[in-house]
Amino acid sequence: MSEKHKFIHNLLTTEHLDASLVFGRADLRYLCGFSGSDGVLFFSNHRTIFLTDSRYLQQARQEVDADEVRCYKNKLQALADLVEETGSRQVAFDARRLSVSQYLELQRLCPSAVTFSPLTEQWESLRGIKQPAEIAFLKQAADLNRRAFDATLPVIRAGVRERDIALELEFNLKKIGGEINSFDFIVASGWRGALPHGVASDKLIAEGELVTLDFGTRLGGYHSDETVTLAVGSVDGKLRQIFDIVIEAHDSAIAAARPGMRARELDAVARDLITEKGYGDFFGHGLGHGIGLEVHEFPTLTGKSDTVLTSGMVVTIEPGIYLPDLGGVRIEDTILITEKGHECLTSIPKHYRQLSP
Ligand code: ZN
Ligand code: ZN
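Residues numbered from 1 in each chain as written. Chains lettered and ligands numbered in written order. Predicted model: local features only at pLDDT ≥ 70, side-chain atom pairs only at ≥ 80, totals over all residues. Heavy atoms only, no water.

(A) Focus on the nonpolar core. Formed by 35 residues in total, the largest nonpolar core has its most connected members in L266, L287, L301, I317 and I321. Elements with a contribution of two residues or more to this core: α9 (237-256), α10 (263-276), β13 (297-301), β14 (314-317), β15 (320-323) and β17 (333-337). Sort the elements by how many residues they give to this core and α9 lands first, with 9 residues. Core analysis: the second largest hydrophobic core is formed by 31 residues, C32, F34, V64 and L336 among them. (Core = buried A, V, L, I, M, F, W, Y, C linked by side-chain atoms within 4.5 Å. Buried < 20%, exposed > 50% of the residue type's maximum accessible area, 1.4 Å probe, protein only. Helix = DSSP H or I, 4+ residues; strand = E, 2+ residues; numbered from the N terminus.)

Structure follows, in structure tokens:
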């Protein structure tokens, strides 16, 4: 049995379940290889059955690793029939992936003897430890980021629209194999840098501004995510100061990352440093997040996360300082937790760079 399937088998045993229904796209890709947008995996101790609609039947027959592939016209009815056919009584599903109305409908269609268990935390860590093949894709996706950034860098100067830089990045990423954008790219210059999620706008970049670029692509289903902050010409002393603080927080957190430490301890390495310098109130988000088949996944690195970092986890490290009306800095890398400590997967240099305007 594969490591991936072992997780679900353990879940069935510890929660005393007969079967589990897998709905999430990323979970489906992970557990059975299906890359389409709609399907369900029925998982019991005896067999795995993948169900999808006619649009995906051929694709599923080629891609899916399951004992059986079936086609449905009505998904919930097909699941109810399968629950009955297999004599399953205790059935779990990931509560994050089924709407309340779907849940109620499924209950209505099943015999009253069937009990559904909506699980959340128990599912969370399913994809937390990356296998070597997954790490290889994450490294390749990170490499695409660096190559596309290098090709885009000459375009970044005063007078250029943020949106045009985002388009150039997207073009360069897709030209070398990026599948889709990981998210709407952030290109935030000047005062817009104070918006942590300042998606590229029509604003023109001006001399004397910092520009934050946060972007990534997908390869083999796996995402890249990286943030660079650049100076266009000479910037205000305060902006330079917060850059130096953020890079120190970023470098310190990466240096400290190792297995056995809790996520909140790693968050504290960067947060304490930023707080000591007087900018704690201007770093409002967590230090980072897990990344893989989803851009944001388990584990989250926040002040509240007790997750113990483990070799094979891949997380981002992305401290930032955002000063309203003035500007902001965020610097982000994606790292792999290894037996000995960590390995940085993203490779765009993050040191202070002043571009000629
Ligand atoms: Zn990012
Ligand atoms: Zn991120």
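(B) Molecular detail of the coordination of the zinc ion (ligand 1). For the zinc ion (ligand 1), the full set of protein donor atoms is D214 (OD), D214 (OD), D225 (OD) and E332 (OE), and the range of their distances to it is 2.0 to 2.5 Å. The site at the zinc ion (ligand 1) holds 4 donor atoms, and with the angles between them running 56 to 149 degrees, its shape is irregular. If you look at the zinc ion (ligand 1) and the zinc ion (ligand 2), they sit 3.1 Å from each other and are both ligated by D225. Separated by 118 residues along the polypeptide, D214 in strand β8 (residues 209-215) and E332 in the loop between β16 (327-330) and β17 bring together distant segments of the chain. Here D214 falls in the buried class, since its relative accessible area comes to 5%. Residue E332 is classed as buried on the basis of its relative accessible area, which comes to 0%. (Donors = N, O, S within 2.8 Å, 3.2 Å for Na, K, Ca; no water. Tetrahedral: all angles 85-135°; square planar, octahedral: opposite > 155°, others 65-115°.)

(C) Main features of the sheet that holds strand β2 (residues 40-44). The strand order across the open sheet built from 6 strands is β4-β3-β2-β1-β5-β6, with neighbouring strands paired in mixed fashion. Looking at strand neighbours, the two that pair on one side only are β4 (68-71) and β6 (115-119), the edges of this open sheet. Averaged over all neighbouring strand pairs, the angle between strand axes comes to 25 degrees, with direction disregarded. Here β2 runs beside strand β3 (residues 48-52); their pairing, made up of 4 bridges, is antiparallel. When the bridges of β3 are listed, F42 appears paired with I49. Sheet strands touched by helix α2 (residues 25-32): β1 (19-22), β2, β3 and β5 (90-94). Its angle to β2, the strand with the most contacts, is close to 55 degrees. Running over the sheet, helix α5 (residues 100-109) touches β1, β5 and β6 and is turned about 160 degrees from β6. (Pairing = 2+ DSSP bridges. Axes fitted to C-alpha atoms, helices over the stretch in contact; angles between N-to-C directions. Contact = heavy atoms within 4.5 Å.)

(D) Region of interest: the packing of aromatic side chains. Inspection of the entire model under this criterion finds 10 aromatic pairs. Judged by centre distance (4.7 Å) and plane angle (50 degrees), the ring pair of F34 and F50 falls under tilted. Here the residue F34 occupies a position in the loop between α2 and β2, and F50 occupies one in strand β3, the gap between them amounting to 16 residues. Under the relative-accessibility criterion, F34 is labelled buried at 1%. Aromatic side chains F137 and Y222 sit 5.9 Å apart centroid to centroid with 5 degrees between the ring planes, which places their arrangement in the stacked category. Residue F137 is found in helix α7 (residues 132-152), and its partner Y222 is found in strand β10 (residues 222-223); the two are separated by 85 residues along the sequence. Since its relative accessible area comes to 32%, F137 is described here as partly exposed. On the accessibility criterion, Y222 (6% relative accessible area) is buried. Each member of the aromatic cluster is reached from another via a ring pair, and the members are F149, F183, F185 and F215. If you follow K4 out to its NZ or CZ, it ends over the ring of Y30, 4.7 Å from the centre. (Phe/Tyr/Trp six-rings, centres within 6.5 Å; stacked < 30°, edge-to-face > 60°. Lys NZ or Arg CZ within 6 Å of the ring centre and 35° of its normal.)

(E) Structural context of the packing of helix α4 (residues 75-85) against α5. Close contact between α4 and α5 brings their axes to 9 Å; oriented N to C, the two are set at 45 degrees. It follows that α4 is oblique to α5 by the angle criterion. In the crossing of α4 with α5, the sense of the turn from one axis to the other is right-handed. In this structure, α4 contributes L76, Q77, L79 and A80 to the contact, and α5 contributes Q102, E105, L106 and L109. Taken together, the residues of the contact of α4 with α5 break down into 5 nonpolar, 2 polar and 1 charged. (Parallel < 35°, antiparallel > 145°, perpendicular 65-115°, else oblique. Left-handed = near helix turned anticlockwise from the far one by under 90°. Nonpolar A, V, L, I, M, F, W, Y, C, P; charged D, E, K, R; others polar.)

(F) Structural context of the pairing of strand β11 (residues 226-232). Counting buried residues along β11, 7 of its 7 residues qualify, which places the element largely inside the surrounding structure. Residue alternation in β11 divides its side chains into two sets, E226, V228, L230 and V232 and T227, T229 and A231, and both sets are buried. Summarising the sheet, β11 and strand β19 (residues 354-355) pair through 2 bridges and their orientation is parallel. Residue pairing across strands places A231 opposite Q354, the latter belonging to β19.

(G) The packing of α7 against helix α8 (residues 162-175), seen in detail. The N-to-C vectors of α7 and α8 enclose an angle of 130 degrees; their axes lie 9 Å apart at closest approach. On the basis of their axis angle, the class for α7 and α8 is oblique. Where α7 crosses over α8, the handedness of that crossing is right-handed. Along the contact surface, α7 presents L144, N145, A148, F149, A151 and T152, while α8 presents I165, E168, L169, N172 and L173. Looking at the contact of α7 with α8, its residues break down into 7 nonpolar, 3 polar and 1 charged.

It is worth stressing that arrangement in space is one thing and function is another; only the former is reported here.
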